[in-house]
Amino acid sequence: MSKATMKAGLAIPFALTLTLADHVHAEPEDRPTSYHPVVITEDFAAIKERMEREKPNLAQTQRRLLDARYDLADRPVPGVTMSKGKPVQGGVRVKLPSGTNWDDLSRMSPEDIRGKRLFPAGFMPLPHPHHAEGGMLFPQFAIDEINNLEQRDLTRFDLDYDLPDHFLPEFPAPIFLTTRPDLGDVSQGKLVNIRNYFELFNGILNPKQLEGLRLLVTPFTQQQFNPTDDRRSEHPHEGVTCLDCHANGHTNAATHLVGDIRPQEARHRLDTPTLRGVNIQQLFGSQRALKTVEDFTEFEQRAAYFDGDIVMAAKKGVNVLERGSQVHFMGEFQALLDFPPAPKLNVEGRLVQGQASEQELRGEALFHGKAACAGCHAPPYYTDNLMHNLKTERFFEPQNINGRLAKADGPIKTFPLRGIKDSPPYLHDGRLLTLDDTVEFFNLVLQRGLTAEEKADLVAFLRTL
């Protein structure tokens, strides 16, 4: 075992850090490689039996991590819901180190917090439920609905999703179109899939857009879901669709590991972002800075579906999309996905006097003033379409957390805040469960010095977006 795995933090037992590479021709520990093993010599039945046996221990290890970091209780905010009615969870859920409070912590320098090891564990990078293995993981409600509609089972025999359902977006989410705002939610309360997309959108979309949507709900092979013995489904699998994660053009908070970082322990967990509002965005991917939604669409199919491994993609049956038609059609449909209505905002994205509460108005003033949020999240869509480096590594020593090497994250895209209450959890890896956590995080990391009342006002404003 490497020294990094034993470092301070929540290290997992050696037996649980084994990846599939340990069962083929493993590289020496001092020679990291960018490549996964291509030739699998272990029998599939043996792989499945071994991973099923390890699964309860992995789940228990991840649950201990979550319980140590967060208050996971179902405690919604009275009267605050997402666009279709799901309650929004409230309160700061990140647990503080013993003997500290948020006010005292916010007055300390990053160097003091780091030296005294007081950076809250819930502000640290969140590892995948099995970081050494990684791969797409779906909430159980999404697995059940897709299986019911298509008889396509996204269950993994080795891992289950980890975050409680009450911290996740509503499902299936409503769909709002930039071209037909008069229709409101066009989903009819259904999860859009290969069997119903035509009946739902025929007469609303043009034929090119319909074809783009068809491709977005068509299953294509993927690293964990494919017809080979190197898969994590019980039976050979037809694959996943773009909208399996971006459900109804939004998100169901499915998780994955980003494909563009090596070695494995340095890869970031990914919280699936919403596709709402891609028409106003200029960067795509949390760190990849792809310049168009077409670039992103093509990248996902060619590389991200296979952890950035082009050798694996060829082996498992990558679907190479044709740029001039298929990618273009898919991008055109994605660009129609609008943010949810925000009745308290005017055409410039600012609160309407007389419709917003006094607390919400105070929060807006803080957003543009003392809290300085608008420096990156400018109205009307609350993004600057840039990337910024928060340098959270100022606050903690590098450490291994359940297989995830926590150190410098680097620059991350400024995601739009429009409709933000519909898109929990927060930050690029989902480490922040509520908007209260998010305000507390930025208050500490950016050292804004907000009072408890000011933080509550700011959260109230964010819920209006």
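You'll find the structure just up there.
Attention in this report is confined to the structure presented alongside it. Keep in mind the model is a prediction, meaning the values are calculated, not measured. (Residues numbered from 1 in each chain as written. Predicted model: local features only at pLDDT ≥ 70, side-chain atom pairs only at ≥ 80, totals over all residues. Heavy atoms only, no water.)

Brief notes about the overall build of the protein
As a reminder, the rule being used: Where helices and strands are cited, they refer to DSSP runs of H or I of at least four residues and of E of at least two residues respectively, numbered from the N terminus. As defined in this context, the radius of gyration uses C-alpha atoms, and a globule is described by 2.2 Å times the residue total to the power 0.38. Relative accessibility thresholds used throughout: buried, under 20% of the residue-type maximum; exposed, over 50%; partly exposed, between the two (1.4 Å probe, protein chains only). Any two residues having at least one pair of non-hydrogen atoms within 4.5 Å are treated as being in contact.
Secondary structure assignment for the protein yields 14 helices and eight strands. Whereas a compact globule of 465 residues would reach a radius of gyration of roughly 23 Å, the protein reaches 22 Å, a difference of no more than 12%. Dimensions of the protein, computed from C-alpha atoms along their principal axes, come out at roughly 65 × 60 × 35 Å. Counting only residues that meet the buried cut, the protein has 55% of its 465 residues in that class. A separation of at least 24 residues holds for 70% of the contacts in the protein among residues at least 6 apart in sequence.

Some words on the pairing of strand S1 (residues 76–81)
For the record, the criterion: Note: two strands are recorded as paired if DSSP finds a minimum of 2 bridges between them.
As paired elements, S1 and strand S2 (residues 87–89) share two bridges and run antiparallel to each other. Along S2, the bridge assignment pairs Pro76 with Gln89. Between S1 and the antiparallel strand that follows it, S2, lie five residues; Gly85 among them carries a positive phi value of about 115°.

Looking at the nonpolar core
Burial of nonpolar side chains together is a common tendency in soluble globular proteins. What counts, and what does not: Buried Ala, Val, Leu, Ile, Met, Phe, Trp, Tyr and Cys residues form a nonpolar core when they are joined through side-chain atoms within 4.5 Å.
One finds Ile113, Phe119, Phe123, Phe367 and Leu462 to be the most contacted residues of the largest nonpolar core, which totals 54 residues. With near-sequence residues (within four places) excluded, Phe119 lies in contact with Ile113, Met124, Phe395, Phe396, Phe441, Leu444 and Val445. Ile143, Ile146, Ile175 and Phe284 belong to the second-largest nonpolar core, a separate cluster that totals 42 residues.

A closer look at unusual backbone geometry
With an omega of 0°, the peptide bond running from Arg262 to Pro263 counts as cis. Position of Pro263 among the secondary structure elements: in the loop between strand S3 (255–257) and strand S4 (269–271). At the junction of Pro379 and Pro380, the peptide bond is cis and its omega measures out at 10° in the coordinates. Within the secondary structure, Pro380 sits in the loop between helix H12 (358–368) and strand S5 (387–388). Positive phi, normally seen in glycine, also occurs at Asn385, with a value near 55°. Residue Gln447 is not a glycine yet carries a positive backbone phi of 55°. Residue placement: Gln447 occurs in the loop between helix H13 (435–445) and helix H14 (452–462).

Some thoughts on the pattern of salt bridges
Rule in force here: Here a salt bridge means any side-chain nitrogen of Lys or Arg lying within 4 Å of a carboxyl oxygen belonging to Asp or Glu.
One pass over the structure, following the stated rule, counts 39 salt bridges. The closest approach of N and O atoms between Lys55 and Asp160, which form a salt bridge, is 3.2 Å. With Lys55 in helix H2 (residues 44–69) and Asp160 in the loop between helix H5 (140–150) and helix H6 (197–201), this residue pair connects regions lying 105 residues apart in the sequence. Taking relative accessible area as the criterion, Asp160 reaches 42% and is therefore assigned partly exposed. The salt bridge involving Arg431 is made with Asp429; its shortest N-O contact spans 2.9 Å. The exposure class assigned to Asp429 is buried, which follows from its relative accessible area of 2%. One network of salt bridges, in which partners are shared, links Glu133, Arg156, Asp158, Asp230, Arg232, Lys315 and Lys316.

Regarding the packing of aromatic side chains
In plain terms, the rule: Only the six-membered ring of Trp is used, alongside the rings of Phe and Tyr, when aromatic pairs are assigned; centres must lie within 6.5 Å, and planes under 30 degrees apart are stacked while those over 60 apart are edge-to-face, with the rest tilted. Lysine NZ or arginine CZ positioned within 6 Å of the ring centre and within 35 degrees of the ring normal marks a charge as sitting over the ring.
Tallied over the entire structure, the rule returns 15 aromatic pairs. An aromatic cluster is built from Trp102, Phe119, Phe123, Phe395, Phe396, Phe441 and Phe442, whose rings are joined through pairwise contacts. When the ring centre of Phe44 is taken as reference, the NZ or CZ atom of Arg231 above it lies at 4.0 Å.

Shape is all these values report; function is a separate question.
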